[in-house]
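Residue-level structure breakdown
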Amino acid sequence: MRKITLEDWVRKEHFNFFSQFEEPFFGLTFTIDCTIAYDRAKNTGSSFFLSYLYRALKAANQIENFRYRIIDREVYLFNVINATPTVGRPDGTFGFSYVDYYEDENKFVTKAKEVIEVVKQSTGLKPASSGQNVIHFSAIPWVDFTSLSHARNYKFEDSCPKISFGKVTENDGRRTMPVSVHVHHGLADGFHVGIFADKFQQLMDD
């Protein structure tokens, strides 16, 4: 992690401008073709959720703007960003989790499964981590949404991106899934969300 010198930062004016907003986040929703990734997961008996979670986190780690965080009104660039996905339970509730990012997909999946199992057996929300080097992930596999908003506490300093995944639908042999991305506008623009969308699609097709 390193501190960004605001005076020399190309986003200085963007950061100063949007940081004054009561709601500095903006969100975009786009559709991913998940045919290849879905079929691969089903054919190998692996978790489709963990497959796309890994690829989304990998794509985000490749984009510098997704690794910026605001701490005490200063901007920092983290080397690695991890995940705090919500985990659904059999009783209809959910809990927060914390999953480290590993470049090796098998290691990531193994560690994530261990974390998810613990959360499924627990009760309550159990906040995952007070750290800033995370992305908040959630899955809403019951809804093919076209837009999404998030609950926010405006008194709490927050600059972590929020990425949500929706219902997989099939049409003419192709499967698609909506993806919602919310980011702090002082740290990233639609251009960077577009890069994320392209990288995520490429990884899903890999």
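Before going into details, it helps to say that this report is about the structure given with it. As the structure is a computational prediction, the values presented were derived from the model and not from experiment.

Reading the values: rules and limits
- Residues numbered from 1 in each chain as written.
- Predicted model: local features only at pLDDT ≥ 70, side-chain atom pairs only at ≥ 80, totals over all residues.
- Heavy atoms only, no water.
- Salt bridge = Lys/Arg side-chain N within 4 Å of Asp/Glu carboxyl O.
- Helix = DSSP H or I, 4+ residues; strand = E, 2+ residues; numbered from the N terminus.
- Buried < 20%, exposed > 50% of the residue type's maximum accessible area, 1.4 Å probe, protein only.
- Pairing = 2+ DSSP bridges.
- 1 Å grid on protein atoms, 1.4 Å probe; cavity = no way out; pocket = protein on both sides within 12 Å on 5 of 7 lines; lining within 4 Å.
- Points joined across faces, edges and corners; volume = space filled by probe spheres on them.
- Nonpolar A, V, L, I, M, F, W, Y, C, P; charged D, E, K, R; others polar.
- Expected span 1.5 Å × (residues − 1).
- Arc of directions from axis to C-beta.
- Contact = heavy atoms within 4.5 Å.
- Polar contact = N/O pair within 3.5 Å; in protein donor to acceptor, adjacent residues only side chain to side chain.
- Axes fitted to C-alpha atoms, helices over the stretch in contact; angles between N-to-C directions.
- Parallel < 35°, antiparallel > 145°, perpendicular 65-115°, else oblique.
- Left-handed = near helix turned anticlockwise from the far one by under 90°.

Attention shifts here to the pattern of salt bridges. Tallying each qualifying case throughout the model produces 10 salt bridges. Close ionic contact of D189 with R11 constitutes a salt bridge, the shortest N to O distance being 2.7 Å. Linking D189 in the loop between β10 (174–184) and α5 (190–205) with R11 in the loop between β1 (2–3) and α1 (12–18), this pair joins segments that are 178 residues apart in sequence. For D189, a relative accessible area of 18% translates into the label buried. What makes R11 buried here is its relative accessible area of 5%. In this structure, the salt-bridge partner of E103 is K58, at a minimum N-O distance of 3.6 Å. Placement of E103 in the loop between β6 (94–96) and α4 (105–120) and of K58 in helix α3 (residues 48–61) is noted, with a sequence separation of 45 residues between them. Note on E103: relative accessible area 52%, which makes it exposed. Residues joined in a network through salt bridges with shared partners are D39, E170 and R175.

A separate point is the sheet that holds strand β4 (residues 74–77). Read across the sheet, three strands follow the order β1-β4-β3 without closing on themselves; strand pairing throughout is antiparallel. The strands lining the two open edges of the sheet, one partner per strand, are β1 and β3 (68–71). Bridge count between β3 and β4: four bridges; the pairing is antiparallel. Residue pairing in the sheet places I70 in a bridge with V75 of β4.

Each pocket or cavity is described by its volume, and for the second largest pocket that value is around 390 Å³. Around the second largest pocket, the lining is made up of 14 residues, and of these S19, I70, R73, E157 and H184 lie nearest the centre. Among the residues making up the lining of the second largest pocket, the classes are represented as six nonpolar, three polar and five charged.

Further remarks concern α4. Here α4 spans 22 Å end to end across 16 residues, near enough to the 22 Å set by a 1.5 Å rise per residue. Three or more residues of α4 are buried, namely F108, V109, A112, I116 and V119. Viewed end-on, α4 has its buried residues packed into an arc of 90 degrees, placing them on one side of the element. Projecting away from the buried face of α4 at angles above 90 degrees are the exposed residues N106 and V118. Residues of α4 that are buried sit in contact with α3, β5 (82–88) and β6. Taking the backbone nitrogen of N106 as reference, a side-chain oxygen 3.2 Å away marks D104 as the first, capping residue of α4.

What follows covers the pairing of strand β7 (residues 134–139). Two strands pair when backbone bridges link them, and β5 and β7 are joined in this way by four bridges, in the parallel orientation. Pairing of T84 across the sheet is with H136, part of β7. Both β7 and strand β8 (residues 162–165) contribute to a ladder of four bridges, which runs parallel. The partner of S138 across the bridge, within β8, is S164.

What follows covers the packing of helix α2 (residues 35–44) against α3. Between α2 and α3, the shortest axis-to-axis distance is 9 Å and the interhelical angle comes to 135 degrees. Taken together, the axes of α2 and α3 are oblique relative to one another. The interaxial crossing formed by α2 with α3 has right-handed handedness. Packed against α2, whose contacting residues are A37, Y38, R40 and A41, the element α3 presents F48, S51 and R55 at the interface.

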